[in-house]
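Here is what each chain is made of, one letter per residue.
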Amino acid sequence: MLKHIVMWKLKESAEGNSREENAKLMKEKLEALKAKIPEIGMIEVGINAIPSDAAYDVTLYSEFSTEAAFKTYQIHPEHLKVAEFVGKINDNRVVVDYFV
């Protein structure tokens, strides 16, 4: 199994929305991928609840049965649509992928 974790710091405002509004939109868009991409085994999206300089704004945790399933997810058109939106609203991103 492959676990995929991503964290983003969002811009104060982007695409006509505040950071908070974009975090909520991002969460909705990411969570909606589960119904559109069968390769996603599990997905969870969290919005940071306790602000600090060290905190990121949004976190994605997802699981894939195989590396091939993850690669299919990465190039899926629905994922690419969400990634385009996220690219416009984020300032920084960190990611870790690992097998268990």
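This text goes with the structure placed above it.
Thresholds, definitions, all that
Residues numbered from 1 in each chain as written. Predicted model: local features only at pLDDT ≥ 70, side-chain atom pairs only at ≥ 80, totals over all residues. Heavy atoms only, no water. Helix = DSSP H or I, 4+ residues; strand = E, 2+ residues; numbered from the N terminus. Rg over C-alpha atoms; globule rule 2.2 N^0.38 Å. Buried < 20%, exposed > 50% of the residue type's maximum accessible area, 1.4 Å probe, protein only. Contact = heavy atoms within 4.5 Å. Areas by Shrake-Rupley, 256 points an atom, 1.4 Å probe, with all protein chains shown as cover. Lys, Arg positive; Asp, Glu negative; His and termini not counted. Charge placed at Lys NZ, Arg CZ, Asp CG, Glu CD. Patch = residues over 30% accessible without salt bridge, like charges linked within 9 Å, V, L, I, M, F, W, Y side chains within 5 Å. Salt bridge = Lys/Arg side-chain N within 4 Å of Asp/Glu carboxyl O. Pairing = 2+ DSSP bridges. Axes fitted to C-alpha atoms, helices over the stretch in contact; angles between N-to-C directions.

Enquirer: Lay out the overall build of the protein in plain terms, naming residues and giving numbers.
Expert: Looking only at helices and strands, the protein has 3 helices and 6 strands in total. Each helix and strand of the protein, placed in order from N terminus to C terminus, yields the pattern β-β-β-α-β-β-α-α-β. Relative to the 2.2 N^0.38 estimate, which gives 13 Å for 100 residues, the radius of gyration of the protein is 13 Å and therefore close to what a compact globule would have. Viewed in the frame of its principal axes, the protein has a C-alpha envelope of about 35 × 25 × 20 Å. Per-residue burial over the protein gives 36% buried out of 100 residues. The contacts of the protein with a sequence gap of at least 6 include a subset with a gap of at least 24, amounting to 70%. When the accessible area of the protein is evaluated, it comes to approximately 5,900 Å², of which 54% is carbon and sulfur surface. Distance from the positive charge centre (13 side chains) to the negative charge centre (16 side chains) of the protein: 3 Å.

Enquirer: Please set out the side chain of Asn22 residue by residue, giving values where relevant.
Expert: Tracing the backbone through its elements, the reader meets Asn22 in helix 1 (residues 19–36). On the basis of relative accessibility, which here comes to 0%, the residue Asn22 falls in the buried class. Those residues within four positions of Asn22 in sequence are excluded, and the remaining contacts are Leu10, Ala14, Asn17, Phe85 and Ile89.

Enquirer: Just give me the short version of a nonpolar patch on the surface, but keep the residues and values in it.
Expert: Taken together, the side chains of Met1, Val96, Tyr98 and Val100 define a hydrophobic patch exposed on the protein surface, amounting to about 360 Å² of accessible area. In this fold, Val96 is placed in strand 6 (residues 90–99).

Enquirer: Please give an account of the sheet that holds strand 1 (residues 2–10) that cites residues and values.
Expert: Pairing within the open sheet is antiparallel, and its 4 strands lie in the order 4-5-1-6. Strands at the two margins of the open sheet, each flanked by one partner only, are strand 4 (42–47) and strand 6. Strand-to-strand, the axes of this sheet are offset by a mean angle of 10°, without reference to chain direction. Most of the contacts of helix 1 go to strand 4, to which it runs at about 175°, and overall it touches strand 1, strand 4 and strand 5 (58–64). On top of the sheet, helix 2 (residues 67–75) reaches strand 1, strand 5 and strand 6; it is set at about 130° to strand 5, its chief contact.

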